[in-house]
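Descriptive structure summary
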Amino acid sequence: MRSTFDITRDGLTAINTAADQLAKFQEQLATGRALRVPSDDPTATARAIGEHAELSTIAAYTKATDAASARQAAADSIMSDMIDKLTAALTTATGAGGTTATPATRAAAALGLQGLREALAGDINSKFQGNYLFSGSQTDQLPYVLVGSTWTYQGDNTEVLASLDGGRQVNQTWDGQSIFQGSAPQDVLTVLDNLTTAVQAGDNAAIKDGIAALQDAVKRATAAQSRLGIDEQSVTDAQARLSGLRLATDTRRSKDEDVNMADAAARMNQAQVAYRAALGAVSISNQVSLIDYLK
Amino acid sequence: MSGLFESLSSATSALDAQRMGLDVAGQNLANINTVGYTRRALQLEERSAGTNGPGIGVNVVGVTALRDQFVESRIQIERGGLAYDQAVAGSLSLVETGLGSPGMSLDAAVSSFFDGFSSLAQDPGSTANRDVVVSRGRALAQTFAGLAAQFSSAQHLADGAIQGAVDQANTLAAQVAKLNGQIAGGLHDVSALVDQRTVAANKLADLVGAKITSNSDGSIIMTVGQGRPLVIGNTAVALTIGQAAVTGLATIQSEGVDVTPEFTSGQVGGWLQVRDKLVPSYQSQLDQFAYDVATTVNAIHVTGYGVGGGTNQNFFAPPASVAGAANAMALDAAVAADSSLVAASATGTAGDNQTATALAALRNVSLGPSGSSPADAWAQLVYRVGADSADATNSNTTRQQIVDQLGALRAAVSGVSSDEEAANLMKFQRAYEANARYFVTISQTLEALMAMVS
């Protein structure tokens, strides 16, 4: 077969092919990305989109989990304060009851109880990031207000939930009425007000009833805090799980999307050699010709 | 006496023949870079003296163009396929570039949109969070519309290219027809005309996948599609451009008949494939995706309550139909103007976040009849474009190799080799020198003879 050398057909094609490869690996090394366009690897690109979506979901859950964690920490602290105050009120009321308490003791106890009630009302009406924590879904309403001489719950019984990963939900707000009154005839603030009055009056029967009601209130608050503790543990678990998931997902994404630097560097060197070889081959093919020997 | 003069005549014919050999080599070298040039070879035959004697020189039979018709035909067929693949690959490379990288395109806009509802669920009363949701919803709608515009642009680019190619094809067909006439009626060497016609025919194969049938008079018939005439003898049948009623895109007509779907080869075939099949299918997938997002979000949003307690409010302007949903996607005008209408609550209370939570959860659920999550829907579209582009590129590479191989085969027969022509130059130069020497020898012999008689 006759063999003819056409620099356009044979030479430039070889040079362009080698140059394309060289440019591809150079770009991979420069950008760190293995996928330039979907056609580089359609399957890997589709997988990478899925992994990005997964990372985005994990980030959203992480944000929600972190927000829930902060809110729970605030609520936990408030509940601890409330339990402390209720316990102090119990101690004060117990000391003011019975036959040994003097009028002065009762008056001091009544003042103490009044202060504790005011502080407790402040706790119950706490806000987190501008929203009331204990008014259910009525987060713009003060949970308890004193209307005349009556404490009124202004919230509702719908607790707002935050969604964590895997369909788990934790409280974002709490139903104040179920914590501070429950099935009792009176809410804890009214109980404290009545107890104060009973202490001032030295009404031991009423003091006894008030102490019993306070004990129930402590039980409810403690139970609520226990539930909160379980939720906090769920959030902590979710944070750890999400962190692990993020790492695993990002590793998968990286395998599809990021270039293996060592491999790309080696391939670029190969492409560079091929490019030089193509240039050299064309150059050599063009150097020698029988025409050079014509005299 | 007469023998010596015959010898001189023989030498003269030989000198003429060898000089012509030098001319042919020179012509070949002159056209070594001429596209479509077919190398020429000098055909010589011995000038016979009859029954006695060594002969009386050499005759130049002619100059032959060396071509392999089978290879030429094969090249024309493959070139049509190659041009088709190149047109598809080239167009799709633009389309896929517009899709962006994973995590930085529509998928990011979708994630960001649902992130907005997720943040709103954490603080349903926040005006800032509502503004973010509106802003991201607008960005999502714009991203959908932007992609739809890119697909539409790809369609119109292909459409413009088709119209340009048809114009070019008509010019080339007229050129082939004219050359046909000259070749068929040619009384002289028509090799150069055949070369020119081959170049034009190859370009027609590239453009419209034209097929060739040879006639006995040397002319060719060129057809496109399902045997539609393009060139018959010295007559070119012009293709005309029409306009599709609904889409407004170009149609190709031959003798008044719409033959657009018949173009399945050449650049026009490739661009038609992109314009009428591939891009519309991507567009349709994108429209379905946009429609599913808009209708699913709206279906939940209308059940929720905004800040003022209003309900039954769409978030996106309800799409009229699946077709065109991506391009038309937009926020509901009322929501766009007032973010307090964004529904986060399912009960109407300020702190309830059930609607926002349900909307945020859409990121992971199947939307619409496709049964795909938003990320899956996008991944499927990107995969399809990428796979189509990769297929076209691979097919293009394979076809290019075939055409290159055929080119090498053609070059083996018809290509000019500078080495070979250099050898020919030497060969004819030496032959010329030898014949000149022979001529001088005969001339000197004649002189000697004349001296004897004078």
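This one's a predicted model, so the numbers in the text were calculated from it and none came from an experiment. (Residues numbered from 1 in each chain as written. Chains lettered and ligands numbered in written order. Predicted model: local features only at pLDDT ≥ 70, side-chain atom pairs only at ≥ 80, totals over all residues. Heavy atoms only, no water.)

**A word on the pairing of strand E5 (residues 228-232) of chain B**
Residue and element names in this part refer to chain B. Applied cut-off: Note: two strands are recorded as paired if DSSP finds a minimum of 2 bridges between them. In DSSP terms, a helix is any run of H or I states spanning at least four residues, a strand is any run of E spanning at least two, and both are numbered starting from the N terminus.
Of the strand pairs in this sheet, strand E4 (residues 220-224) and E5 are connected by four bridges, and their pairing is antiparallel. Residue Val 224 lies in a different strand from E5, and its bridge partner there is Arg 228. Between E4 and E5, which pair antiparallel one after the other, the connecting turn spans three residues, and Gly 225 there sits at a positive phi close to 55°. Both E5 and strand E6 (residues 235-236) contribute to a ladder of two bridges, which runs antiparallel. The residue bridging Ile 232 from the neighbouring strand is Thr 235, located in E6. What sits between the antiparallel neighbours E5 and E6 is a turn of two residues, in which Gly 233 has the positive phi angle 55°.

**Considerations on the packing of aromatic side chains**
Any aromatic ring pair is given by two values, namely how distant the centres are and how the planes are angled relative to each other. Spelled out, the test is: For this analysis, a ring pair means two rings from Phe, Tyr or Trp (six-membered ring only for Trp) whose centres lie within 6.5 Å, classed as stacked if their planes differ by under 30 degrees, edge-to-face if by over 60, and tilted for the remaining angles. Three exposure classes are used, based on accessible area relative to the maximum for each residue type with a 1.4 Å probe and protein chains only: buried under 20%, partly exposed in between, and exposed over 50%.
Enumeration according to the criterion identifies twelve aromatic pairs over all chains in this entry. On the basis of an interplanar angle of 45° and a centroid distance of 5.2 Å, the ring pair of Tyr144(A) and Tyr153(A) is categorised as tilted. Judged by relative accessible area, which is 12%, Tyr153(A) ranks as buried. Seen from their ring centres, Phe151(B) and Tyr282(B) are 6.1 Å apart, and the 45° between their planes marks the pair as tilted. Highlighted residues: Phe151(B) in helix H4 (residues 127-184) and Tyr282(B) in helix H6 (residues 266-301), separated in sequence by 131 residues. The exposure classification of Phe151(B) matches that of Tyr282(B), with both residues buried. Each residue in the set Phe134(A), Tyr144(A), Tyr153(A), Trp174(A) and Phe180(A) is aromatic and connected to the rest through ring pairs, giving one cluster.

**Describing the sheet that holds strand E7 (residues 239-243) of chain B**
All names here are of chain B. If you trace the three strands from one edge of the open sheet to the other, you get E7-E8-E9, paired in antiparallel fashion. Since the sheet does not close on itself, it has two edges, and those belong to E7 and strand E9 (257-258), each with one partner. In this sheet, E9 lies alongside strand E8 (residues 250-254) in antiparallel orientation, the contact comprising two bridges. Bridge pairing in E9 links Gln 253 to Asp 258.

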